Amino acid sequence: MKRMICGAAVSLLVWQSIVAQDGLIGNAVRNLPLLAPAGTEIHYQGSIDKTGGNADWDWYLYEDANREWVVLDVDGPGCIQNLTQHRYLTCSDPLFRFYLDGSSEAQYEVRLSELGTKFPFCRPLADSYIGPYDNGRGPIRVARSFVPLQFNKSCKVTTDVRLFGNDRMRGESGWGHIVYHTFASPLCDTLAVYKESLENARLLKRRGLVVGADERADTVTVPRTDLQPGGTCLLARVDGGGVLSAVRLFADRADAEALQTVWVEITFDGHDAPDVLCPIGAFFGNSFGYNSTEYLLMGVAEGGMMYNTFPMPFWQGASLRLHNRGRRPFALAGGAVVTSANGYDRASAGYFRNTPYYIRRHVEGEDSRIGTATGSGKMVAAHVTCWAERPNVISCEGDVHVYIDDERTPRVQSDGSESFVSYGWGFPTPPETHPFGGYDGLADNPWSMTRLCILDSYPFDRNISFNIESGERNDQYLEHAGTIFYYGKDAPRAVLTDSLLTADSRSRRRHSCRMSGPHAVETATSVYEGTYNNVKLTRSFVSYGEGSELSFGVRINPDNDGVRLLRTSNQRAARQLAEVYVDGCRVEERDWYHADGNPHMQWLDDSFVIPARYTRGKSSVKIRIVPKAAGAAVAWTDAAYRVYSLRAGGGGE
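Residues numbered from 1 in each chain as written. Predicted model: local features only at pLDDT ≥ 70, side-chain atom pairs only at ≥ 80, totals over all residues. Heavy atoms only, no water.

Engineer: Please set out the overall build of the chain residue by residue, giving values where relevant.
Structural biologist: Helices and strands together make up the secondary structure of the chain, namely 7 helices and 50 strands. Since a compact globule built from 653 residues should have a radius of gyration of about 26 Å, the 25 Å found for the chain is in line with a globular shape. Taking the principal axes of the C-alpha coordinates as reference, the chain spans close to 75 × 60 × 50 Å. Relative to all contacts within the chain whose residues are 6 or more apart in sequence, the contacts with residues 24 or more apart total 79%. With the model as given, the accessible surface of the chain reaches about 23,400 Å², and the carbon-plus-sulfur share is 47%. (Helix = DSSP H or I, 4+ residues; strand = E, 2+ residues; numbered from the N terminus. Rg over C-alpha atoms; globule rule 2.2 N^0.38 Å. Contact = heavy atoms within 4.5 Å. Areas by Shrake-Rupley, 256 points an atom, 1.4 Å probe, with all protein chains shown as cover.)

Engineer: Residues and numbers for the pattern of salt bridges, please.
Structural biologist: Within this structure, the stated rule accounts for 35 salt bridges. Across the salt bridge formed by K118 and E114, the nearest N and O atoms sit 3.9 Å from each other. Given the relative accessible area of 26%, E114 is considered partly exposed. In this structure, R328 engages E257 in a salt bridge whose closest nitrogen and oxygen atoms are separated by 3.2 Å. With R328 in the loop between strand 24 (317-324) and strand 25 (330-340) and E257 in helix 5 (residues 256-261), the pair connects residues that are 71 residues apart, well separated along the chain. Taken together, the salt bridges that share partners define one network made up of E41, D405, D461, R493 and R564. (Salt bridge = Lys/Arg side-chain N within 4 Å of Asp/Glu carboxyl O. Buried < 20%, exposed > 50% of the residue type's maximum accessible area, 1.4 Å probe, protein only.)

Engineer: Which residues make up the sheet that holds strand 43 (residues 560-570), and what values go with them?
Structural biologist: The strands making up a sheet are joined through hydrogen bonds of the backbone, oriented either antiparallel or parallel. Strand order in this open sheet of 4 strands is 38-50-43-47, and the pairing throughout is antiparallel. Each having just a single partner strand, strand 38 (494-501) and strand 47 (603-610) make up the two edges of the open sheet. Each adjacent strand pair in this sheet contributes to an overall mean axis angle of 20°, direction not counted. (Pairing = 2+ DSSP bridges. Axes fitted to C-alpha atoms, helices over the stretch in contact; angles between N-to-C directions.)

Engineer: Summarise the sheet that holds strand 24; cite the residues concerned and give the values.
Structural biologist: Pairing is antiparallel in the open sheet, where 4 strands are placed in the order 16-24-18-19. Either end of the sheet is taken by a strand with one partner, and the two such strands are strand 16 (232-239) and strand 19 (276-279). Taken over all neighbouring pairs, the strand axes of this sheet differ in orientation by 10° on average, direction set aside. As defined by bridge partners, strand 18 (residues 262-268) adjoins strand 24 across 7 bridges and the pair is classed as antiparallel. Within strand 24, the residue paired with E265 across the bridge is R321.

Engineer: Any details on empty space enclosed by the protein? Residues and values, ideally.
Structural biologist: In this approach a probe as big as a water molecule rolls over the atoms, and the regions it shows empty are the leftover space. Inspection of the entire model under this criterion finds 6 cavities of 30 Å³ or more. Taken together, 36 residues make up the lining of the largest cavity; nearest its centre are H43, Y44, Y180, H594 and D606. Every element with two or more residues in the lining of the largest cavity is listed here: strand 1 (41-46), strand 3 (69-75), strand 13 (176-182), strand 46 (592-594) and strand 47. Sorting elements by how many residues they give to the lining of the largest cavity places strand 47 first, with 6 residues. Here the residues of the lining of the largest cavity are counted per class, giving 14 nonpolar, 10 polar and 12 charged. Volume-wise, the second largest cavity comes out at about 80 Å³. In terms of lining residues, the second largest cavity is bounded by I48, D49, G52, G53, D399, H401, Q413, E469, E529, G530, N533 and M601. (1 Å grid on protein atoms, 1.4 Å probe; cavity = no way out; pocket = protein on both sides within 12 Å on 5 of 7 lines; lining within 4 Å. Points joined across faces, edges and corners; volume = space filled by probe spheres on them. Nonpolar A, V, L, I, M, F, W, Y, C, P; charged D, E, K, R; others polar.)

Engineer: I'd love a proper account of the nonpolar core, names of residues and values included.
Structural biologist: Proteins that are soluble and globular tend to have nonpolar side chains buried together. If you look at the biggest cluster of nonpolar residues, it comprises 89 residues, and the most contacted ones within it are I80, F98, F283, F310, L322 and F352. Apart from residues lying up to four places away in sequence, L322 is in contact with L227, G231, T232, C233, L235, L249, V262, W263, V264, I280, F330 and L332. Counting residues in hydrophobic clusters, the runner-up holds 41 residues, among them C91, V393, V402 and W425. (Core = buried A, V, L, I, M, F, W, Y, C linked by side-chain atoms within 4.5 Å.)

Engineer: If you had to explain the packing of aromatic side chains to someone new, which residues and values would you point to?
Structural biologist: Throughout the structure, instances matching the rule amount to 31 aromatic pairs. Each ring, one from Y108 and one from F121, has its centre 6.4 Å from the other, and the planes form 85°; the classification is edge-to-face. A residue pair is termed long-range when its members are at least 10 positions apart, and Y108 in strand 6 (residues 108-111) and F121 in strand 8 (residues 121-122) qualify at 13 residues. Taken individually, Y108 and F121 each receive the classification buried, so the pair is uniform in this respect. Through a chain of ring-to-ring contacts, three or more aromatic side chains come together here, namely Y129, Y423, F427, Y439 and W447. Between the NZ or CZ atom of R325 and the centre of the ring of W263, over which it lies, the distance is 3.7 Å. (Phe/Tyr/Trp six-rings, centres within 6.5 Å; stacked < 30°, edge-to-face > 60°. Lys NZ or Arg CZ within 6 Å of the ring centre and 35° of its normal.)

Engineer: Could you give an account of the state of the cysteines, naming the residues involved and the relevant values?
Structural biologist: One pass over the full model with this rule turns up 0 disulfides. There is no disulfide at C122, and the cysteine sulfur nearest it, in C79, is 16 Å away. Free cysteine C155: the closest other cysteine sulfur is in C79, separated by 9.2 Å. Using a relative accessible area of 1% as the deciding quantity, one classes C155 as buried. (Disulfide = S-S within 2.5 Å.)

Engineer: Tell me about the confidence of the model for the chain, and please be specific about residues and values.
Structural biologist: Looking at the chain as a whole, the pLDDT averages 91, with 91% of positions reaching at least 70. In the predicted structure, residues 1-22 sits below a pLDDT of 50 and forms 65 contacts with residues beyond four places in sequence or in another chain. Every residue in residues 190-199 is under pLDDT 50, and counting partners more than four places away or in other chains gives 19 contacts. (pLDDT = per-residue confidence, 0-100.)

Engineer: Explain the side chain of T409 residue by residue, including any values.
Structural biologist: Along the chain, the position of T409 falls in the loop between strand 30 (400-404) and strand 31 (412-413). Looking at T409, its side chain comes within polar contact range of the main-chain nitrogen of D605, at 2.8 Å. Those residues in contact with T409, other than ones at most four positions away along the chain, are Y403, Y528, W603, L604 and D605. (Polar contact = N/O pair within 3.5 Å; in protein donor to acceptor, adjacent residues only side chain to side chain.)

Engineer: Hey, could you go over the environment of D269 for me, with residue numbers and the actual values?
Structural biologist: In this structure, D269 sits in the loop between strand 18 and strand 19. Under the relative-accessibility criterion, D269 is labelled buried at 9%. The spacing of D269 and R508 is 239 residues in sequence and 48 Å in space, taken between C-alpha atoms. If we skip the residues at most four places from it in the chain, D269 touches F314, W315, Q316, G317, R346 and Y351. In this structure the side chain of D269 is engaged in a polar contact, spanning 3.0 Å, whose partner is the backbone nitrogen of W315.

Engineer: I'd like a description of unusual backbone geometry, backed by residues and values.
Structural biologist: In this model, R123 is joined to P124 through a cis peptide bond whose omega is 0°. Here P124 lies in the loop between strand 8 and strand 9 (126-130). For D101, which is not glycine, the phi torsion reads 60° and is therefore positive. Within the element layout of this structure, D101 appears in the loop between strand 5 (95-100) and strand 6.

Right, here's the structure in full:
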């Protein structure tokens, strides 16, 4: 049995050998259980319809002085993690330029057609997909890059043509997005990221087993088992600490029924509730099994071989079981559960978990709420399955909305369901796979998509919610199922310690709030983008002019690892910029800058992280905000500020 497992894995697991290798990807996989440094945030900039409809094809912020179209404009340290753009083949080939750390010269230039071939945007971290003719709507190129581009001061990405519209005959096509991290402080040498790119590409192409450190690994061979309906079988039990490094199972029939009705249960360290509980299709990244889908850390391959190699640390013990909730026996042909030594610091690492599985259903007129987690951690994968009313119905228009840490503005969105996994033009040609995601199913529907967030994990300090629309405006009958996977701790890492309503006189007095220079109190009725775009809110807010400023005092916890300010504002005008001071010291790492805007859905929640060097050891601080003009005029507004003290360390358990 052991020889059979190894032989099948060597011939089938295309992406997995890199986990045991040195380099950017190998380090990223090994570090997945570690919570992100305090103040790390995930963000999205892309072609979202500002009215909440399906016109998700205008991707630009403004035209700069060089007559280039700006698609991303960020102040402070961070890292681009994913770029995806959809373009008709008959249209011009846009040139993307990357200006890092305030440079007037682009450090990198790449045309859309060069993603996958031009350094550092090399295969398979960067590549293209050519969509079908689709009755004249196509063909279309969907190009993607997962090559990380780190910056320490700022980042601006431009194109030489305006990405807008959807009319192929007029040369229009602007769908696209960039997903990026921001950091509280600069992390390391920017150039270190690029020097490894070619070697990473070579490592990704190699094949082989992944067991972490082989010499310290223990393998439990899973015998052949016929799991009857309603039955349960124990695959492995481990006493003491370790890392669950790989779960590989073979099934005689890894079809949709088995993948959706046989559930996996994993419990770490004697927890009262399972840490992982979901169908094996979600756990292995394919809920249909029509075709082989081999992603970097999970997959369902030909011959019924299934694998999940996310590192899952534990400190006291672990158990892994299968439950057959279906109506027919499940023939488990064998498998292996691999554990290795645990070198993770318990205070800094989280448990591998999933949100309660969202059972297949339709919700009329609102998003499907696929998963919500509380505490602290980071999302590392999402799996969503969808069924329309009948076959061959296009079912891809619903956007993904990801909410983090009490914000009502989605931190990550998608211009269509398939764009979330860096594809485009629906789900017409399954299977489609790349190392970090893809989909299986039948043409158009049903479909089952998986996205691995290995480099671009979604950190959260209080909560995270993953939602998806049913159609353009939740106006289509679709049934969804799914879950998100994350490394987490029960305790939140961000604690709400104060709040201010800037248009409320009593709140201003309590916080010794002072406003100077031209400013005005206004009232507006509008909505947020995303899931809550059908909830109208009437609020008062303050708008500021040239030479104005705002100061106020707030309470914080002395034992903090930084402070996050969460602003509620009106984003009718874009490019809102302000300098931030703490007890008279300007925060040098970044200015508070939100480059986008939306005159149709005006309410915005966005945040600013103050590094710990300005706040640690203090029980209160004075915040001073000085609005500046990023464009033609000052555009800063605010209705409220919430103040969160970030806990030092991992946040406890």
